[in-house]
Number of protein chains: 2
Amino acid sequence: MTDAESSARREAILDAALEVFAEVGYARATIKAIARRAGIKSPALLYWYFPGKADLMRGVIARIMPPVAPEADLSALTAQPIALTLRLVAAALLTAYQRPPLVNAFKVILAELLYKQDENIDVLMAGPGAVLGVLRRCFEAAVERGELRPHNIEVSMRMFIGSLIIYILGTVVVPVLGDGLPTTDEYITALISQLLDGLHAEKE
Amino acid sequence: MTDAESSARREAILDAALEVFAEVGYARATIKAIARRAGIKSPALLYWYFPGKADLMRGVIARIMPPVAPEADLSALTAQPIALTLRLVAAALLTAYQRPPLVNAFKVILAELLYKQDENIDVLMAGPGAVLGVLRRCFEAAVERGELRPHNIEVSMRMFIGSLIIYILGTVVVPVLGDGLPTTDEYITALISQLLDGLHAEKE
């Protein structure tokens, strides 16, 4: 198998994994079902690409959110202006959640998380947990180099993520709450400036 | 029946309604089950206090979030400094969601909303929809009287609500995501100052 074929199969497996996660949730998805969906005869072959279900979830999340991929270059991300990082993360998240399989995955996994966190701990730690970790380090770096004033980072990073979750809820998940919402681009621009305007170092 | 007795019975019915909503969700809750839980022999008597299920939900929500109650004095709320209003709303929401029946109601109803919005439209409009409406008017009033600079209000009010939802998710619903979160009081104080510091009129 050539590198290109191997890479195409890897992508096909991740597509299949996202579809199966979207249909039955993470906890109930089986490697067998994902292999079948990807057109792979033997689950053993799938294991060659992804040793376990958690690796599949990490692969899916890394495609949606490149900044939190295990192989991502965090030092480059923390070194650039925080406004750029926030725009990158916001655009990746909000664009991803316009796609139907991901909206369904969001619904199924959120509903599961409300009751069965233990079974979904991989998703939590590879997804929301990893995003929080990356944001924390980016805000810390911005304060360290004097770009932002010292402030409560646990709050500002959650203001940012919470604003994105509310946007996803109000657009693709519960549209009746999206009344008055601006476009994705306008929302991201306003969110970043309204969040950072209060945190810039020169305010001190 | 004295006024005090009548008022006590009204409260008992609302307690019962919250418990039943928390157990089976809004859509599956019946007036009969709520009457039974409240120790009322006939559902007909319950109708005397609350003509329908939507009125029960509005009553429950009005107890949790007095600012959005149908009988609330909105003009007083919009006239006071926006920081005060935000503190009031945040404290009401975050305190309410420390109580177990409400945490369960939040889970059940959120899970339902993900799939069956039509059946839960009363909850949406009496709860989150009403809060968004009140916040919109308070931000508009703050801009009109020059307390805040002109800005995208749809974004700022959702930054505020999104930050509270994330706090609830990270404390009582999915604690594994609450790592590093400050106390409720610290969170509210930091959230309001970080949000409003970027929006004050003198910044223009």
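Structure: see above.
Residues numbered from 1 in each chain as written. Chains lettered and ligands numbered in written order. Predicted model: local features only at pLDDT ≥ 70, side-chain atom pairs only at ≥ 80, totals over all residues. Heavy atoms only, no water.

### Quick look at the packing of aromatic side chains
Residue and element names in this part refer to chain A.
Next up, step 1: Summed over all chains, the structure comprises eight aromatic pairs over all chains.
Next up, step 2: Here the aromatic rings of F21 and Y26 are separated by 5.3 Å at their centres, their planes lie at 50°, and the arrangement is tilted. Neither residue differs from the other here; F21 and Y26 are each classed as buried.
Next up, step 3: The ring of Y26 is capped by K53, whose NZ or CZ atom sits 4.8 Å from the centre of that ring. (Phe/Tyr/Trp six-rings, centres within 6.5 Å; stacked < 30°, edge-to-face > 60°. Buried < 20%, exposed > 50% of the residue type's maximum accessible area, 1.4 Å probe, protein only. Lys NZ or Arg CZ within 6 Å of the ring centre and 35° of its normal.)

### Quick word on the interface of chain B and chain A
Next up, step 1: Taken residue by residue, the interface counts 47 residues in chain B and 47 residues in chain A.
Next up, step 2: Taken together, the two surfaces of chain B and chain A that pack against each other cover about 3,900 Å², and 68% of this comes from carbon and sulfur.
Next up, step 3: Looking only at chain B, the three residues that lose the most surface to chain A are B:L114, B:R158 and B:Q194, adding up to 19% of its buried area.
Next up, step 4: Between chain B and chain A we count two salt bridges in total.
Next up, step 5: With a closest N to O distance of 3.0 Å, B:D197 and A:R149 form a salt bridge.
Next up, step 6: Our enumeration of links across chain B and chain A arrives at 16 residue pairs in polar contact (both at pLDDT 80 or more).
Next up, step 7: Only α7 (100-115), α8 (121-126), α9 (128-144), α10 (153-173) and α11 (184-197) of chain B provide two or more residues apiece to the side of chain B that touches chain A.
Next up, step 8: A per-element tally of the side of chain B that touches chain A places α10(B) first, with eleven residues.
Next up, step 9: Of the residues contributing to the side of chain B that touches chain A, the split by class is 28 nonpolar, eleven polar and eight charged. (Contact = heavy atoms within 4.5 Å. Buried area = accessible area lost by both parts, 1.4 Å probe. Salt bridge = Lys/Arg side-chain N within 4 Å of Asp/Glu carboxyl O. Polar contact = N/O pair within 3.5 Å; in protein donor to acceptor, adjacent residues only side chain to side chain. Helix = DSSP H or I, 4+ residues; strand = E, 2+ residues; numbered from the N terminus. Nonpolar A, V, L, I, M, F, W, Y, C, P; charged D, E, K, R; others polar.)

### Things to note about helix α6 (residues 82-96) of chain B
Residue and element names in this part refer to chain B.
Next up, step 1: Compared with an ideal rise of 1.5 Å per residue, which puts 15 residues at 21 Å, α6 spans 21 Å between its outermost C-alpha atoms and is within 8% of the ideal.
Next up, step 2: Of the positions making up α6, those classed as buried are I82, T85, L86, V89, A90, A92, L93, L94 and A96.
Next up, step 3: Close packing links the buried residues of α6 with α4 (53-64), α5 (74-79), α7, α9, α10 and α11. (Expected span 1.5 Å × (residues − 1).)

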